[in-house]
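An overview of the molecular structure
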Amino acid sequence: MERILFFIFGFVAVFGSIMVVSRRHPISSVMYLLLTLFSVAALFVLRKSHFIAAIQIIVYAGAVVVLIVFVIMLLNVAESKIPVERPTLAQGVGVVAAGLLMLEGALVGSRYGAQIEKAVDVGTVEAVGKALFTSYLLPFEITSLLLLAAIVGSIVLARKKF
Amino acid sequence: MLIDLLIVIVKIAIMLAFVLGLVPVLVWAERKGAAFIQDRMGPAKADIFGLRLAGLFHPLADALKLLFKEDFVPEDAHPLFYRLAPVFAMAPVLLTFAVVPFGDTIEIFGRKVPLQVADLNVGILYVFAFSSLTVYGIILAGWASGNKFSLLGGLRSSAQMISYEISLGLSIIGVAMVFGSLKLSDIARAQGELLFGVIPKWGVVVQPLGFILFLVSVFAESARIPFDLPEGESEIVAGFHTEYGSFKFAMFFLAEYVHVVVASGLIATLYFGGWQIPYLYADGFHLFGKVLHLPFALVVIMQVLAFVVKVLFFCWFFIWVRWTIPRFRYDQVMRLGWKVLLPLALANIFITGSVLLLFGGAKPL
Amino acid sequence: MVPESYYLVLSGIMFAVGVVGVVSRRNALIILMSIEIMLNAVNLAFVAAGSYLGDPAGNVFAFMVMTVAAAEAAVGLAIVIAIFRHRETVDVSELKELKF
Amino acid sequence: MIRVKKVSRPKEIPLTEKLYLVEIAKGLAVTMNHFLKNLTNPRSIPTIDYPEVKRPVPPRFRGRHRLTKRPDGTPKCVACYCCATACPAVCITIEAGEHPDPQIEKYPVRFDIDMLRCIYCGMCVDACPEDAIRMDTGWYTVPERNREDLVYTIDMLLSD
């Protein structure tokens, strides 16, 4: 049962991400990105990481992707101004590199073989919260600095006058 | 196994029937209530065999009319996303109700059945996650219609919803801190306790500021007046659903009212004791040290009814506010969200944390 | 129970797809989305490994990665808006002032 | 000479109004008052249930036209065209015929009023030398499904 779900959501995630990088219009890409994010959230749930799954939807689907959609609509790039993709050498190299990366992933996967391990309940709100506020308190606080820098940076960048 | 599945399906069916069945009643209450507030008669003409029931058949007639209208796609619209948008508007709202408990755990055929579709470990976060998705319906409708007014409505709504989601989430944190859980069932159960032996420990009593913040944010999230900027009909025609007709429009309409029901259910659960009736416990009323014994079945029925009554009251509250307060201006909405609600929500968390640390017996890690 | 390695392979495939997007696309917005896909793939690996090892650190790091993703999206989109305001384009291959 | 009147703005909004919440509660109380008043006593609502109940019209109300009759039932109208001439909207069409009674010269074979053009000014009534046309029916023109039905013929005008 779990295996079937894994394959369904895994397939949807890969399909969605391929569609994201291959669509011409950004808004179609965004919708497929949403699909990918959802299937990844579902995969998190399969791994019993409910907290991260919920955060995935809140932060990614609820904020980041909305922001991207907002920018796409705000720019509202005319159909003729959407960049036309032409194959270049760099792209060829990129695709080959990606293929190699995929091969490596498969090799690593096959090295470990089909080890089946029971998932420990580490993904609940309590467990993640405890880890976040004890062992990882300093990194957690540092992320807040990162966010502050991002806020200031984006405001400065998007201001009308420099 | 099979019977468990059956119980779950029955619960989902009850929930859907309740939420969707309430919609026509709400539409009727909205029109009739508006009329009475404005010294008018309201709908009173539609009849079945001469039976009028004060216009209760009007929503039915409207639904039939919308069903039989022509289903069209405007020329400039994006055909797929135009059709997809109403679904995006509808689905997340309906899903949200799954975690709202409507009664205590009961025993049927020797099984413990919580009166709640899904008791999730991340309860409130689930609500929050799906309520943040409702924006896609509006934003997609606005973009896919190929109409500038629709686009403006979509942009407005996306900015508004991102802004108010923050204070919505932060105001819920106060409740989660007080009751020490994210599970809505735990929160509802904990509200049956008494403060100082007399006052019910409802969310509104322990989190008055949080309640007001939540209420305002929920109004903004469901895009009801005074926050109905996305559709502001006096400025941008009808906003995101300008180009929609027929059943696709009906789905947006339905989604709006389902949103009201869901928001009422959440307000009732988080701040007004959920299914709890003050002083009523599993064995009866406990009042002034005396116990009035009641059969368990009666208690459960009373509690479910109490939840329904609370939800109905808050649905009415949404209607009531709509016909009292005028719409905000766009800059006022933004200022309220960022400059008033957000600092207040942060202050609320800080105060709650301090009080819990000083008096609540919470220990620092 | 799904073996751990399946998750790693899936994560690798998604990451590779993201890399292809970043390298080959010219639309700045789609490049940003491809980066999000890569970050998601990493998150998947983190979470899977975390639950395999029974350590909440996997989840905690996925959480951190999401924070970084949010910050990156905000700043990246601000840059896209700033560029669009000056140049009326979202095509990254037209931005070659620094190239000689 | 234009006189400028200075309107002083309230210097300071009191805190209770700045908080909005009190004012919103007051507003809610107002609407609730109306709601409860109309719910408990629906008769106080001034709405008139139109097709079933009609508002009584004042005696000089200019409603739909009617043609008056002689004691024998024939129209009083002598087809003098005075009303058609006086009509600013040119909505009256009269076709005259010779009356069998030699005392009366003519009678209207056709007397149509185009209700889509009529502006209910009552000039036709003023112009009539025979008191043959009146607007005292107290009726509004009822809506119809096509334009032809709104051209009222002599039979309709005589019927009441």
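Calculation notes
- Residues numbered from 1 in each chain as written.
- Chains lettered and ligands numbered in written order.
- Predicted model: local features only at pLDDT ≥ 70, side-chain atom pairs only at ≥ 80, totals over all residues.
- Heavy atoms only, no water.
- Helix = DSSP H or I, 4+ residues; strand = E, 2+ residues; numbered from the N terminus.
- Rg over C-alpha atoms; globule rule 2.2 N^0.38 Å.
- Contact = heavy atoms within 4.5 Å.
- Areas by Shrake-Rupley, 256 points an atom, 1.4 Å probe, with all protein chains shown as cover.
- Lys, Arg positive; Asp, Glu negative; His and termini not counted.
- Charge placed at Lys NZ, Arg CZ, Asp CG, Glu CD.
- Phe/Tyr/Trp six-rings, centres within 6.5 Å; stacked < 30°, edge-to-face > 60°.
- Buried < 20%, exposed > 50% of the residue type's maximum accessible area, 1.4 Å probe, protein only.
- Buried area = accessible area lost by both parts, 1.4 Å probe.
- Salt bridge = Lys/Arg side-chain N within 4 Å of Asp/Glu carboxyl O.
- Polar contact = N/O pair within 3.5 Å; in protein donor to acceptor, adjacent residues only side chain to side chain.
- Patch = residues over 30% accessible without salt bridge, like charges linked within 9 Å, V, L, I, M, F, W, Y side chains within 5 Å.
- Expected span 1.5 Å × (residues − 1).
- Pairing = 2+ DSSP bridges.
- Core = buried A, V, L, I, M, F, W, Y, C linked by side-chain atoms within 4.5 Å.
- Axes fitted to C-alpha atoms, helices over the stretch in contact; angles between N-to-C directions.
- Parallel < 35°, antiparallel > 145°, perpendicular 65-115°, else oblique.
- Nonpolar A, V, L, I, M, F, W, Y, C, P; charged D, E, K, R; others polar.
- pLDDT = per-residue confidence, 0-100.

A closer look at the overall build of chain B
Each helix and strand counted, chain B has 12 helices and 7 strands in total. The C-alpha radius of gyration computed for chain B amounts to 22 Å, which stays within 12% of the reference 21 Å derived for 365 residues, consistent with globular compactness. Overall, the C-alpha framework of chain B stretches about 65 × 55 × 50 Å when taken along its three principal axes. Summarising the internal contacts of chain B: among those between residues at least 6 apart in sequence, 75% fall at separations of at least 24. Summing over all exposed atoms, chain B offers an accessible surface of approximately 16200 Å²; the carbon and sulfur share of this is 74%. Once the 26 positive and 24 negative side-chain charges of chain B are each reduced to a mean point, those two points are 4 Å apart.

Digging into the arrangement of the chains
Ranked by contact count, the leading pair among the 3 pairs of chains in contact consists of chains A and C. Separated in space, chain B and chain C share no contact, their closest pair of C-alpha atoms being 13 Å apart. Over all C-alpha pairs, chain A and chain D never come within contact, reaching a minimum spacing of 29 Å.

Focus: the packing of aromatic side chains
Taken as a whole and judged by the stated rule, the model has 29 aromatic pairs over all chains. Ring geometry for B:Phe219 versus B:Phe318: centroids 4.3 Å apart, planes at 20 degrees, classification stacked. In this pair, B:Phe219 sits in helix α9 (residues 208-221) while B:Phe318 sits in helix α11 (residues 296-322), placing the two residues 99 residues apart along the sequence. Accessibility expressed as a relative area gives 4% for B:Phe219, which makes it buried. With a centroid separation of 4.7 Å and 40 degrees between ring planes, the pair formed by B:Trp316 and D:Phe35 is classed as tilted.

Looking at the interface of chain B and chain A
Tallying the contact residues gives 22 residues for chain B and 25 residues for chain A. Summed over both sides, the interface between chain B and chain A buries roughly 2200 Å², with carbon and sulfur atoms accounting for 83% of that surface. It is B:Asn121, B:Tyr136 and B:Trp143 in chain B that bury the most area against chain A; as a group they hold 26% of the surface buried on that side. Where chain B meets chain A, there are 0 salt bridges. Our enumeration of links across chain B and chain A arrives at 2 residue pairs in polar contact (both at pLDDT 80 or more).

Notes on the interface of chain A and chain C
With 84 residues of chain A in contact, the opposing surface of chain C contributes 68 residues. Buried surface at the junction of chain A and chain C, summed over both partners, amounts to about 7000 Å²; 76% is from carbon and sulfur atoms. For the pair chain A and chain C, the interface holds 0 salt bridges. Elements with a minimum of two residues in the side of chain A that touches chain C: α1 (2-22), α2 (26-46), α3 (50-75), α4 (89-112), α5 (125-133) and α6 (137-158) of chain A.

Regarding unusual backbone geometry
Residue and element names in this part refer to chain D. At Ala79, a position not held by glycine, the phi torsion is positive, near 55 degrees. Topologically, Ala79 is positioned in the loop between β1 (66-67) and α3 (82-86). Residue Ala79 is classed as buried on the basis of its relative accessible area, which comes to 0%. Backbone geometry at Asp131 places phi at a positive 55 degrees, although glycine is not the residue there. In this structure, Asp131 sits in the loop between α4 (123-127) and β4 (133-134). For Asp131, a relative accessible area of 35% puts it in the partly exposed group.

Points about the environment of A:Leu34
With respect to the helices and strands, the residue A:Leu34 is situated in helix α2. Measuring from C-alpha to C-alpha, the distance between A:Leu34 and A:Ala13 comes to 9.8 Å, with 21 residues separating the pair along the chain. When residues no more than four places from it in sequence are discounted, the contact partners of A:Leu34 are A:Ala61, A:Val65, B:Phe88 and B:Tyr136.

A short note on the pattern of salt bridges
The final tally for this structure, using the stated rule, is 13 salt bridges over all chains. Across the salt bridge formed by B:Arg224 and B:Glu30, the nearest N and O atoms sit 3.1 Å from each other. One end of the pair, B:Arg224, is in the loop between α9 and α10 (246-271); the other, B:Glu30, is in helix α1 (residues 2-37), and 194 residues separate them in sequence. Taking relative accessible area as the criterion, B:Arg224 reaches 1% and is therefore assigned buried. In this structure, D:Glu23 and D:Lys26 form a salt bridge, with 3.4 Å as the shortest nitrogen-oxygen distance.

Describing a nonpolar patch on the surface
Together, A:Leu138, A:Ile142, A:Leu145, A:Leu148, A:Ile151, A:Val152, A:Ile155 and A:Val156 give the surface a local cluster of nonpolar side chains, amounting to about 770 Å² of exposed area. Along the polypeptide, A:Leu145 turns up in helix α6.

What to know about helix α3 (residues 57-87) of chain C
The end-to-end C-alpha distance of α3(C), which contains 31 residues, comes to 44 Å, matching closely the 45 Å that a straight helix rising 1.5 Å per residue would cover. Of the residues one or two after α3(C), C:Glu88 is the one with positive phi, at around 60 degrees.

Some thoughts on α2(A)
Residue and element names in this part refer to chain A. Between its terminal C-alpha atoms α2 stretches 30 Å, which fits the 30 Å expected from 21 residues at 1.5 Å a residue. In terms of residue burial, α2 counts as a mostly covered element, since 17 of its 21 residues are buried. Two residues or fewer after α2 comes Lys48, characterised by a positive phi angle close to 60 degrees.

With respect to the sheet that holds strand β5 (residues 280-281) of chain B
With respect to topology, 3 strands assemble into an open sheet ordered β5-β6-β7 (chain B), the strand pairing being antiparallel. With one partner strand each, in any of the chains shown, β5 and β7 (290-293) of chain B form the two edges of the open sheet.

Describing the nonpolar core
In this structure, A:Phe51, B:Tyr136, B:Phe214, B:Ile267, B:Leu270 and C:Met33 are the most contacted members of the largest nonpolar core, which totals 178 residues. The dominant element in this core, judged by the number of residues it contributes, is α3(A), at 19 residues. Those residues in contact with B:Ile267, other than ones at most four positions away along the chain, are B:Phe211, B:Phe214, B:Leu215, B:Val218, B:Phe272, B:Phe314 and B:Phe318. In this structure, D:Leu67, D:Ile94, D:Ile113 and D:Ile154 belong to the second largest nonpolar core, which totals 23 residues.

Remarks on the packing of α2(A) against helix α2 (residues 28-53) of chain C
Contact geometry for α2(A) and α2(C): axes closest at 11 Å, N-to-C directions at 5 degrees. Comparing their axes, α2(C) and α2(A) come out roughly parallel. Across from A:Pro26, A:Ser29, A:Val30, A:Leu33, A:Leu37, A:Val40, A:Leu43 and A:Phe44 in α2(A), the residues of α2(C) making contact are C:Leu29, C:Ile30, C:Met33, C:Ile37, C:Asn40, C:Asn43, C:Leu44 and C:Val47. A per-class count over the contact of α2(A) with α2(C) returns 13 nonpolar, 3 polar and no charged.

Points about the confidence of the model for chain B
In this model, chain B carries an average pLDDT of 81, and 96% of its residues clear a pLDDT of 70 or more. Among the prediction metrics, the complex's ipTM stands at 0.73, with pTM recorded as 0.79.

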